[in-house]
Amino acid sequence: MVSLLTALVAVSVVSLLIGAGSVSPSRVVAMLLGADDADARFVVWELRAPRTLIGLAVGMALGVSGALLQAVTRNPLAEPGLLGVSAGAAFAVALALVLGASAATLRIPVAQMGALAGCLCVLGVARWRGVGNDPVRLVLAGAAFSALLGALTSLILFFDQRSADEIRFWVIGSLAGRRLDDLLAVLPTIVVSGVLIALLARPLAALALGERMASGLGHHPRLIRALIILCVALLVGAATAIAGPIAFVGLVVPFVARAFVGPDIRRTLWVSLPTGPLIVLVADIVSRVVVAPSELPLGVLTALFGAPVLVAVVRARRLPML
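About the thresholds
- Residues numbered from 1 in each chain as written.
- Predicted model: local features only at pLDDT ≥ 70, side-chain atom pairs only at ≥ 80, totals over all residues.
- Heavy atoms only, no water.
- Helix = DSSP H or I, 4+ residues; strand = E, 2+ residues; numbered from the N terminus.
- Buried < 20%, exposed > 50% of the residue type's maximum accessible area, 1.4 Å probe, protein only.
- Contact = heavy atoms within 4.5 Å.
- Areas by Shrake-Rupley, 256 points an atom, 1.4 Å probe, with all protein chains shown as cover.
- Axes fitted to C-alpha atoms, helices over the stretch in contact; angles between N-to-C directions.
- Parallel < 35°, antiparallel > 145°, perpendicular 65-115°, else oblique.
- Left-handed = near helix turned anticlockwise from the far one by under 90°.
- Nonpolar A, V, L, I, M, F, W, Y, C, P; charged D, E, K, R; others polar.
- Expected span 1.5 Å × (residues − 1).
- Bend = angle between axes of the 7 residues up to and from the residue.
- Salt bridge = Lys/Arg side-chain N within 4 Å of Asp/Glu carboxyl O.
- Core = buried A, V, L, I, M, F, W, Y, C linked by side-chain atoms within 4.5 Å.
- Polar contact = N/O pair within 3.5 Å; in protein donor to acceptor, adjacent residues only side chain to side chain.
- pLDDT = per-residue confidence, 0-100.
- Patch = residues over 30% accessible without salt bridge, like charges linked within 9 Å, V, L, I, M, F, W, Y side chains within 5 Å.

Turning to the overall build of the chain, a few remarks are in order. In terms of helices and strands, the chain carries 13 helices and zero strands. Counting helices and strands in the order they occur from the N terminus, the chain gives α-α-α-α-α-α-α-α-α-α-α-α-α. Within the span of the chain, comprising 322 residues, buried residues form 51% of the whole. Put simply, of all contacts in the chain between residues at least 6 apart along the chain, 76% involve residues at least 24 apart. Of the roughly 15,000 Å² that the chain leaves accessible, carbon and sulfur atoms contribute 69%.

One way to put it is that helix α4 (residues 85-98) packs onto helix α10 (residues 221-243) with a least axis distance of 9 Å and a crossing angle of 55°. Relative to α10, the element α4 is oriented oblique. Every pair of crossing elements has a handedness; the one defined by α4 and α10 is right-handed. On α10, the residues that touch V85, S86, A89 and A90 of α4 are V232, V236 and T240. In terms of residue class, the contact of α4 with α10 is made up of five nonpolar, two polar and no charged.

In this section: helix α3 (residues 38-73). The end-to-end C-alpha distance of α3 is 51 Å, a good match for the 52 Å that 36 residues give at a rise of 1.5 Å each. Along its length, α3 shows its largest kink, about 35°, at R48, and proline P50 lies within four residues downstream of that point. Counting buried positions along α3 yields 26 of 36 residues, so the element is predominantly enclosed. Positioned one or two residues after α3, R74 has a phi angle of 55°, which is positive.

Next up on the list: the pattern of salt bridges. Following the criterion strictly, the structure yields four salt bridges and no others. In this structure, R51 engages D284 in a salt bridge whose closest nitrogen and oxygen atoms are separated by 2.8 Å. On the criterion of sequence distance, the pair formed by R51 in helix α3 and D284 in helix α12 (residues 265-289) is long-range, its members being 233 residues apart. Here R51 and D284 have matching classes, each one buried. Among the ionic pairs, D182 bridges to R179, the shortest N-O distance being 3.8 Å. By sharing partners, the salt bridges in this structure join R51, D284 and R288 into a single network.

What follows concerns the packing of helix α11 (residues 249-261) against α12. Where α11 meets α12, the closest approach of the two axes is 8 Å, and the angle between their N-to-C directions is 130°. Relative to α12, the element α11 lies oblique. When the axes of α11 and α12 are compared, the crossing they make is right-handed. Contacts between α11 and α12 involve V249, V252, V253, P254, V256, A257, R258 and V261 from the first element and R267, T268, V271, S272, T275, G276, I279 and V280 from the second. Among the residues forming the contact of α11 with α12, the class breakdown is ten nonpolar, four polar and two charged.

Next up on the list: the nonpolar core. If you look at the biggest cluster of nonpolar residues, it comprises 53 residues, and the most contacted ones within it are V58, L68 and I228. Broken down by secondary-structure element, the contributors of at least two residues to this core are α3, α4, α5 (104-126), α8 (180-207), α10, α11, α12 and α13 (298-315). For this core, the element with the most residues is α10, which contributes 13 residues. Formed by nine residues, the second largest nonpolar core is a distinct cluster that contains L8, A257, V271 and L278.

Looking at the element boundaries, T268 is found in helix α12. Classification of T268 as buried rests on a relative accessible area of 2%. Looking at T268, its side chain comes within polar contact range of the main-chain oxygen of D264, at 2.9 Å. Apart from the residues lying within four places of it in its own chain, the contact partners of T268 are A67, P254, A257, R258, V261, G262 and P263.

Between its terminal C-alpha atoms α8 stretches 38 Å, which fits the 40 Å expected from 28 residues at 1.5 Å a residue. By the largest-angle criterion, A201 marks the main kink of α8, which is about 45°, and a proline, P203, follows within four residues.

The next point concerns the confidence of the model for the chain. Scored by pLDDT, the chain has a mean of 79; 85% of the residues are at 70 or more. The spread of mean pLDDT over the elements of the chain runs between helix α7 (residues 161-171), the lowest at 65, and α12, the highest at 89.

A surface patch of nonpolar side chains, amounting to about 620 Å² of accessible area, comprises L53, L180, L184, L187, V191, V195 and L199. Taking relative accessible area as the criterion, L53 reaches 40% and is therefore assigned partly exposed.

Before going further, it helps to spend a moment on the environment of G173. Following the sequence through the fold, G173 ends up in the loop between α7 and α8. Overall, the relative accessible area of 0% leaves G173 in the buried class. If we skip the residues at most four places from it in the chain, G173 touches A243, G244, P245, I246, P297, L298 and G299.

Now the structure itself:
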């Protein structure tokens, strides 16, 4: 845990030093040491610092959401992007943008409602005979749902050219151009979700032992699942509202966390807190420098990182149910 936190601090510092523009790390260091460099000061405090803070929040939200979704569905392949949760939020926000909701404060509740609808669809699919017990088939059903919402989003782009550029820039998923006000708008949601998750961690660990065991310990499995789904919707909706849909973070983070601490959901959640931001910030830094002075969309980088992990999990000889 200490090593992860140390790595996260180091990557956060690198995120302030490196960018696609002309302000070099040496100029940033000189500015931080007191040099009078207005350009470097503007780039660091107005562009890179908010971007880094938003990356921290988005990584935490997506990483914890993935761990919660995998725990509540008992499926190691469950991930907001793969199961249509992010797609639901993305479609809802795209529709809101077309209807004139350009401010982040208006997009947040819309994104959360879309994510909640996606979560409910996931639960509905999990109740289908033979699907909920098969991780691969459940992911395929979620992929079909995501494809449907993606097609509907494309129709929005086709019929509303006025909003097409704004939607297209947002749908690919990126931290570029995001403001600190965007983070402040979603911060209350993230804090409330964090408090609720802390209260649900022990009941969720009991639920992993089975519904009868959890009931015998005085917990209510249906209520626990409903509250966890609500937390996932709030977190994914907030992350999607400010950064767009970013896939595979919710898959990779719990996978890495369980490799460190095992299947206990309480330990997994703790390790997911620094691991999610670490992965998002590393991907964001790479997106800035790999094709400088241009940038790659963050969603493209996370897909490149996450797809091999998905293949590795699927190809595993034994795919356990969590």
